[in-house]
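Each chain, letter by letter, is given below.
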Amino acid sequence: MSSARPTIGVLALQGDVREHVAALEAGGARAVTVRRPTELAAVDGLVLPGGESTTIDRLLRVFELRDELRARIADGLPVYGSCAGMILLADRLLDGAQGQETLGGLDVTVRRNAFGRQVDSWEEHLPLPGVTDGGPPVDAVFIRAPWVEEAGPDVQVLGRVGSGPAAGRIVAVQQGALLATAFHPEITGDDRVHRHFVAMVQERD
């Protein structure tokens, strides 16, 4: 594992970009924004932020990033997707908009807007022992969030909803160099998910 400070990009086409940049910096990375193929080529890892997955899918094509990003994911680039980012990383998508495609890489089936509309957003203290090293639960904020309907055999389930009508639903996963959460850790001030991702990137160096 390298102790060097990795350069991690945040896809800056839409979504809560500044919050991810701040969380990555707090987690030990050098964070940069990515809007162009040349910027993507220069990073050691990438965050796909929350936002509207259909809009991000469209903008990836407009900015000519889609094919290059798919190729880098296939080549082992560490990527963390939160909320809409989880949808983009999924190999299979349920309830997607007409014509919507994903980047793929994670052997999961994700249901878009699984928890309902934005008014149905909520917070939960979510145990993530594989991320927090047995520390206190993460304050997980869900906003029009997806969930993982099915996970393949090589996917590590990191977290499930603990209570309510969605109890047991998978909301955090990791497979190789890919990490995804249905919630938004970047808006809570808790940088442990980002620290976990920074460590993943360092391990790939």
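Note that the structure is a prediction, hence the values are computed from the model and not measured. (Residues numbered from 1 in each chain as written. Predicted model: local features only at pLDDT ≥ 70, side-chain atom pairs only at ≥ 80, totals over all residues. Heavy atoms only, no water.)

With that out of the way, let us pick up the overall build of the protein. Regarding its fold elements, the protein presents 7 helices and 12 strands. Each of the 205 residues in the protein was classed as buried or not, and the buried ones make up 53%. Carbon together with sulfur atoms contributes 45% to the accessible area of the protein, which is approximately 9,000 Å² in total. The centroid of the 20 positive side-chain charges in the protein is displaced by 4 Å from the centroid of its 28 negative side-chain charges. (Helix = DSSP H or I, 4+ residues; strand = E, 2+ residues; numbered from the N terminus. Buried < 20%, exposed > 50% of the residue type's maximum accessible area, 1.4 Å probe, protein only. Areas by Shrake-Rupley, 256 points an atom, 1.4 Å probe, with all protein chains shown as cover. Lys, Arg positive; Asp, Glu negative; His and termini not counted. Charge placed at Lys NZ, Arg CZ, Asp CG, Glu CD.)

Attention now moves to the side chain of His196. Examined against the element boundaries, His196 turns out to sit in helix α7 (residues 192–204). Setting aside residues no more than four positions away along its own chain, His196 makes contact with Gly130, Val131, Gln174 and Leu179. (Contact = heavy atoms within 4.5 Å.)

By size, the foremost hydrophobic cluster in this structure holds 64 residues, and its most contacted members are Leu24, Leu48, Leu69, Leu128, Phe183 and Phe197. Discounting chain neighbours no more than four positions away, the residues touching Leu24 are Ile8, Val10, Ala29, Ala31, Val47, His194, Phe197 and Val198. (Core = buried A, V, L, I, M, F, W, Y, C linked by side-chain atoms within 4.5 Å.)

Our next topic: the layout of surface pockets. Size it by volume and the largest pocket reaches roughly 220 Å³. Lining the largest pocket are 14 residues, with Gly51, Glu52, Cys83, Ile143 and Arg144 sitting closest to its centre. Across the lining of the largest pocket, the residue classes tally to 5 nonpolar, 5 polar and 4 charged. (1 Å grid on protein atoms, 1.4 Å probe; cavity = no way out; pocket = protein on both sides within 12 Å on 5 of 7 lines; lining within 4 Å. Points joined across faces, edges and corners; volume = space filled by probe spheres on them. Nonpolar A, V, L, I, M, F, W, Y, C, P; charged D, E, K, R; others polar.)

Time to look at unusual backbone geometry. Even without glycine at this site, Glu64 takes up a positive phi of about 55°. Looking at Glu64, the relative accessible area reads 62%, which means it is exposed.

Every buried residue of helix α4 (residues 66–74) is listed here: Arg66, Leu69 and Ile73. Down the axis of α4, the sector holding all buried residues measures 70°, keeping them to one side. Turned more than 90 degrees from where α4 packs its buried face, Asp67 and Ala74 sit exposed. Each element contacted by the buried residues of α4 is listed here: α2 (37–41), β3 (45–48), α3 (53–62), β4 (79–82), α5 (84–89) and β12 (178–181). Just downstream of α4, Gly76 is the residue with a positive phi angle, here 105°. (Arc of directions from axis to C-beta.)

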